[in-house]
Amino acid sequence: MIPAIVLAAGKSTRMGRQKALLPLGAGQTFLARVVSTFREAGIEDVVVVVGHEARAVIASFDANPASARFVVNHDYEKGQFSSLLAGLRVVDRPGVVAALVTLVDAPLVLASTVRAVVDRYRQTRAPIVR
């Protein structure tokens, strides 16, 4: 199994508003698009790490037809690495051979790209595939 971790815990200080909640058209947010892309690519377990404005981000996702699990990183102010560790703690279990990781502010990645990364990993078993 290869789960996905979406890092969406930051304050988005340079953006000035929560990136996960930014509209992307057709009623979708950045977060909704990222999760939908992973699901379309066949990723069964998508974990979203939230922190700053966690309740608002989770609430915005409630109406989304795609499913995801949420984990709150209470140490999000320590940086992205703390969010990555929070996500890895949730997905680390027997049967998990790798994990996909993305930032919430990369919503235009295609499902075909996700599938290509997973296929490349399965062919090479390389420790990092991008």
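Not measured: the values here are computed from a predicted model.

**Thoughts on unusual backbone geometry**
Link 1 in the chain: Non-glycine residue Glu 53 carries a positive phi angle of around 55°.
Link 2 in the chain: Among the secondary structure elements, Glu 53 is positioned in the loop between strand S4 (46-50) and helix H2 (54-61).
Link 3 in the chain: When its relative accessible area of 40% is taken as the criterion, Glu 53 is described as partly exposed.
Link 4 in the chain: You will see that Arg 125, though not glycine, has its phi angle at about 55°, which is positive.
Link 5 in the chain: On the secondary structure map, Arg 125 appears in the segment after helix H4 (111-124).

**Points about the nonpolar core**
Link 1 in the chain: Membership of the largest hydrophobic core comes to 25 residues, with the highest contact counts inside it found for Val 6, Leu 31, Phe 38, Ile 43 and Leu 100.
Link 2 in the chain: If you list the elements that add at least two residues to this core, you get strand S1 (4-8), helix H1 (30-40), S4, H2 and H4.
Link 3 in the chain: Listed in part, the nine residues of the second largest apolar core include Ala 9, Val 47, Val 71 and Ala 86.

**Some remarks on the packing of aromatic side chains**
The geometry of an aromatic ring pair is captured by two quantities: the separation of the ring centres and the angle between the planes.
Link 1 in the chain: Counted by the stated rule, this structure contains one aromatic pair.
Link 2 in the chain: Centre to centre, the rings of Phe 61 and Phe 70 are 5.4 Å apart; their planes meet at 70°, and the pair counts as edge-to-face.
Link 3 in the chain: Look at Phe 61 and you get buried, because its relative accessible area is 6%.

**Thoughts on the sheet that holds S1**
Link 1 in the chain: Read from one edge to the other, the open sheet built from four strands follows the order S5-S4-S1-S6, with strand pairing classed as parallel. Each edge of the open sheet is held by one strand with a lone partner, namely strand S5 (69-72) and strand S6 (100-103). Ignoring strand direction, the axes of neighbouring strands in this sheet form an average angle of 25°.
Link 2 in the chain: Pairing of S4 with S5, which is carried by four bridges, proceeds in the parallel orientation. When the bridges of S5 are listed, Val 48 appears paired with Phe 70.
Link 3 in the chain: Sheet contacts for H1: S1, S4, S5 and S6; angle to S4, the most-contacted strand, approximately 155°.

**Structural notes on the pattern of salt bridges**
Link 1 in the chain: In total, this model carries three salt bridges according to the counting rule given.
Link 2 in the chain: The salt bridge involving Lys 19 is made with Asp 105; its shortest N-O contact spans 3.0 Å. Here Lys 19 is found in the loop between S1 and strand S2 (23-25), whereas its partner Asp 105 is found in the loop between S6 and H4, with 86 residues between them in sequence.
Link 3 in the chain: Asp 45 is the salt-bridge partner of Arg 69, the closest N and O atoms lying 2.8 Å from each other. In this pair, Arg 69 sits in strand S5 while Asp 45 sits in the loop between H1 and S4, placing the two residues 24 residues apart along the sequence.
Link 4 in the chain: Take Arg 69: its relative accessible area is 37%, and that puts it in the partly exposed class.
Link 5 in the chain: Asp 45 gets classed as buried once you look at its relative accessible area, which sits at 8%.
Link 6 in the chain: Ionic contacts of the salt-bridge type, sharing partners, join the residues Asp 45, Arg 69 and Arg 93 into one network.

Calculation criteria
Residues numbered from 1 in each chain as written. Predicted model: local features only at pLDDT ≥ 70, side-chain atom pairs only at ≥ 80, totals over all residues. Heavy atoms only, no water. Helix = DSSP H or I, 4+ residues; strand = E, 2+ residues; numbered from the N terminus. Buried < 20%, exposed > 50% of the residue type's maximum accessible area, 1.4 Å probe, protein only. Core = buried A, V, L, I, M, F, W, Y, C linked by side-chain atoms within 4.5 Å. Phe/Tyr/Trp six-rings, centres within 6.5 Å; stacked < 30°, edge-to-face > 60°. Pairing = 2+ DSSP bridges. Axes fitted to C-alpha atoms, helices over the stretch in contact; angles between N-to-C directions. Contact = heavy atoms within 4.5 Å. Salt bridge = Lys/Arg side-chain N within 4 Å of Asp/Glu carboxyl O.

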